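Analysis of the macromolecular model
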Amino acid sequence: MDRTYHPEEDSYIHEQSSLDPDLPRRIMLVKTVFRQVWDEFYKWEQGYCSTTLDGLKCNLRDAPARQHMDRLPPIHDSSDMEIDVEGEVTDDQDCTDSFLVYDFENDLGDVDPVQLRATSFECEAIEPCPAYESCTPAPSNIWRGDDPSEMTFMPLADEPSFKFTKYAKKHDFFAWQSSCDEPDEKRIAVETAYRLYHQHGMSLEDIEGTGVLRQHLCSDNVDWGILWRATQNDILAWPGNTMSSYPPLLNIEVPEESDLSARVSSYLRVFCPVKSCLQAKCYPHETVYPRSLPEFDAEKDIKLPESSEPCGDGCYLHSSSSRLEPLAHNSWDTTSLTDLKTFLSIAPESTSCELAVLCRKPCSEVYAKVQSMQRTVPSHDSESGAPIRHPWRLRSKAKSLRELNAAPNALMLFEDTDPMDFTPVHPCIHPGPCSIQCECVQAKVHCEADCHCDPSCKRRWKGCDCSDSDQPCSRKSDCPCAGAGRECDPKLCKSCTGTEKHSESTSSQGLSQAQGRCMNVNLQVGKSKHLEVRRGKWGFGVFALEDIKKEELICEYTGELIFEPTVMSRDIIGKFLKRAYDYRLNQSYDVDGMNVGNESRFINHSQRPNCFAIHSLVYGDHRIGVFAKRNIAAGTELFLNYGNEFFHDS
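Residues numbered from 1 in each chain as written. Predicted model: local features only at pLDDT ≥ 70, side-chain atom pairs only at ≥ 80, totals over all residues. Heavy atoms only, no water.

What follows covers the overall build of the chain. Tallying secondary structure elements over the chain gives 19 helices and 19 strands in all. The contacts of the chain with a sequence gap of at least 6 include a subset with a gap of at least 24, amounting to 65%. (Helix = DSSP H or I, 4+ residues; strand = E, 2+ residues; numbered from the N terminus. Contact = heavy atoms within 4.5 Å.)

Structure follows, in structure tokens:
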């Protein structure tokens, strides 16, 4: 084991000391504590390892079984046996179907053997288990990106004809060639951080800022950090350990119970805000989506929607303007006023009746307070009395106007209809209107509901208004959402019946009976058919367990979302196995069902398929749905046309 003390080179001090004069002192402190912990740990470890190894020794002379070894009958010498041409063992003695059992439990007296007769029987030959491939079930796509650049193992190592050299060249190096983290050094780094934080008063940011410790301490969007990982393992009981003496050292801020805004922001940082995801600690959207609570904008007009009916005797609908005016001057403590602003930030479409329940205030008083908040803006500087100016608003607006005048059509160019022509981008997070620097503008895609640009942005997708149409929203109707290759958004397509009525439809109802129901929310609802994977004419196949009507969703094709380099490296294995499960999703991603997926990966190819696949944009993410091309009876095998490109590549 390498026990060389190796913090980072001192050149780091000279590079950064000019920016932070106190940095050299902090670096020397971290090095000193690290050196101290290092010496203490390895001084203890040598004795600990020696004691542990000595405890594994076994003295055979003192063992009870050893005492009786001389009393056993002589072992039959296998050299006296002969094997005939049919493989039967023969010797001078008669072979009997019995064996002897010696009991060493009794330490006194002789060892008495017990003869047991074996029972023999004949049976038919057992067929070996056929070769199989494992696949982790996944109800939705899992973002993978690229496989590691190091090769952890050689696949198909027992296949002499597999071209392992070609596969190995797709990787930068073998996993054993990469530098592995020493577990002992992790323990030393954690103990160093605990001592520096609790005994020397250094913050975690200052400790990591020195660059002395090679391990990443704090959790972020990419790595959990060794401090959090240390809480998931048993604490090694060595004399110098101080972890058990202090609370867990984590870079997680616990909000105060009375701070509603901080508590909500904490929840938002845990769960993914993307409507099609909503998973905790979602890595695909972790680094790009803002997860903090949007600040309350006092300069933005607050228009509470009208309530349909009074919520009670104290509802604002029962109060006149003259009665509401005095209520606006009722004193609200800071916590109540902050909570009201938090609710308006989270749910700006809430009515006064709903806000009254959340704020635990009378409805009329809440309504009057919200109206008074609008009349108190613009805010003024306490010294000059002039309105407070927001430079970023003025600059962004003026800049957008100049760009719009220079290129009036640049901001309204869209090429986001065919999935093969574009890749969805992450929602823009800039304040104010969209400019030429906006990621959505540069990608020529519409701004989505999750974008943080102004809600009145003309680039936003408006949804559909199919309430007057004779046909429900579908690919065959005039629905603009379906025509643009996207599913309807219940919040945008308010005139469309959306997911609520669609969920009431059953598989037995055809398209002609679905008048007034949105048929363009299939992947959102996730109403897959009952399917079964079993052996068919061409190996494993997928069979319907229920009748399926034409145009109905059968299932979603799921798998890992991978980039082109990973597609190429996995393609080597797929061609050797004569199987491929990757499905082109858009310009950047493929959906690969080789290692992760669902039953759709077993759908076989046919020139006369009874299914077809559709790419749809669902809440900003591309997804693939498998639909029935015609009516399919229960028990029928499902087929897709893989296309000429699939067989050409294979």
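On we go from here.
Next up on the list: the sheet that holds strand β18 (residues 621-628). Across the sheet, which stays open at both edges, the 3 strands sit in the order β11-β18-β17 with antiparallel pairing between neighbours. The open sheet terminates on both sides in strands that have one partner only, identified here as β11 (553-557) and β17 (611-618). Shown here is a sheet whose adjacent strand axes are inclined to one another by a mean of 30°, direction ignored. Inspection of the sheet shows β17 paired to β18 by 8 bridges, in the antiparallel sense. Of the residues in β18, the one forming a bridge with S616 is R623. (Pairing = 2+ DSSP bridges. Axes fitted to C-alpha atoms, helices over the stretch in contact; angles between N-to-C directions.)

It is worth spelling out the packing of aromatic side chains at this point. Following the criterion strictly, the structure yields 17 aromatic pairs and no others. With a centroid separation of 4.7 Å and an interplanar angle of 20°, the aromatic rings of W44 and Y48 are classed as stacked. Placement of the pair is W44 and Y48 together in helix α2 (residues 23-55), with a separation of 4 residues, close to one helical turn. Judged by centre distance (6.3 Å) and plane angle (40°), the ring pair of W44 and W238 falls under tilted. Here W238 lies in the loop between α7 (226-231) and α8 (260-270) and W44 lies in helix α2, a separation of 194 residues in the sequence. In this structure W44 comes out as buried when scored by relative accessible area, which is 18%. Among the residues examined, W238 registers a relative accessible area of 7% and is labelled buried. Three or more aromatic residues joined by ring pairs make a cluster, and in this case those are F34, W38, F41, Y42, W44, Y48 and W238. Here R535 stacks its cationic end above the ring of F540, 4.5 Å away from the centre of that ring. The side chain of R601 reaches across the aromatic face of F602, ending 4.8 Å from its centre. (Phe/Tyr/Trp six-rings, centres within 6.5 Å; stacked < 30°, edge-to-face > 60°. Buried < 20%, exposed > 50% of the residue type's maximum accessible area, 1.4 Å probe, protein only. Lys NZ or Arg CZ within 6 Å of the ring centre and 35° of its normal.)

To continue, consider unusual backbone geometry. One non-glycine residue, K444, lies in positive phi territory at about 60°. Topologically, K444 is positioned in the loop between α14 (439-443) and α15 (480-483). Looking at K444, the relative accessible area reads 30%, which means it is partly exposed. Even without a glycine there, the phi angle at Y619 is positive, about 50°.

Below, the discussion takes up the nonpolar core. In terms of nonpolar packing, the biggest core is built from 30 residues, with I188, V190, L196, I207, L213, L217 and L227 touching the most fellow members. Mapped by element, the contributors of at least two residues to this core are α2, α5 (183-199), α6 (204-209) and α7. Considering each element in turn, this core owes the most residues, 11 residues, to α2. Setting aside residues no more than four positions away along its own chain, L227 makes contact with V190, A193, Y194, L204, L217, L249 and L250. Judged by nonpolar contacts, the second largest core, of 22 residues, contains L324, F343, V366 and M373. (Core = buried A, V, L, I, M, F, W, Y, C linked by side-chain atoms within 4.5 Å.)

Take the confidence of the model for the chain next. Mean pLDDT over the chain works out to 77, with 74% of the residues at or above the 70 mark. Scored below 50 in pLDDT, residues 1-9 makes 22 contacts in the model with residues more than four places away or belonging to other chains. Taken as a whole, residues 498-516 scores under 50 in pLDDT and shows 36 contacts with residues more than four places along the chain or in a different chain. (pLDDT = per-residue confidence, 0-100.)

It is worth spelling out the environment of G314 at this point. For G314, the location among the structural elements is in the loop between α8 and α9 (321-327). Between the C-alpha atoms of G314 and C363, which are 49 residues apart in sequence, the distance is 6.1 Å. Those residues in contact with G314 that lie beyond four places of it in its chain are C363 and S364.

Let us look at the packing of α8 against helix α10 (residues 334-346). The geometry of α8 relative to α10 is characterised by a closest axis approach of 9 Å and an angle of 30° between their N-to-C directions. As far as their axial angle goes, α10 and α8 are roughly parallel. Counting all contacts with α8, which are made through L260, S261 and V264, the residues of α10 involved are D339, T342, F343 and I346. For the contact of α8 with α10, a count of residues per class yields 4 nonpolar, 2 polar and 1 charged. (Parallel < 35°, antiparallel > 145°, perpendicular 65-115°, else oblique. Nonpolar A, V, L, I, M, F, W, Y, C, P; charged D, E, K, R; others polar.)

Turning to the pairing of strand β9 (residues 531-536), a few remarks are in order. For a regular strand, side chains alternate in direction, first toward one face of the sheet and then toward the other. As paired strands, β9 and strand β10 (residues 539-544) are joined by 6 bridges and run antiparallel to one another. Residue G536 lies in a different strand from β10, and its bridge partner there is G539. In textbook terms, the turn of a hairpin is the stretch between consecutive antiparallel strands, and for β9 and β10 this stretch comprises 2 residues.

Secondary-structure assignment places S352 in helix α11 (residues 352-359). Judged by its relative accessible area of 0%, S352 falls in the buried class. Excluding anything up to four places from it in sequence, S352 contacts L304, Y316, C363, V366 and Y367.

The next point concerns the state of the cysteines. Evaluated as defined, the whole model comprises 0 disulfides. The closest cysteine sulfur to the non-disulfide-bonded C457 is located on C434, 3.7 Å from its own sulfur. (Disulfide = S-S within 2.5 Å.)

Interaxial distance between α10 and α11 falls to 10 Å at its minimum, and their mutual angle equals 135°. Taken together, the axis directions place α10 and α11 in an arrangement best described as oblique. Two packed elements cross with a definite hand, and for α10 against α11 that hand is right-handed. Residues L340, F343 and L344 of α10 form the contact with α11, whose participating residues are L355, L358 and C359. Classifying every residue of the contact of α10 with α11 gives 6 nonpolar, no polar and no charged. (Left-handed = near helix turned anticlockwise from the far one by under 90°.)

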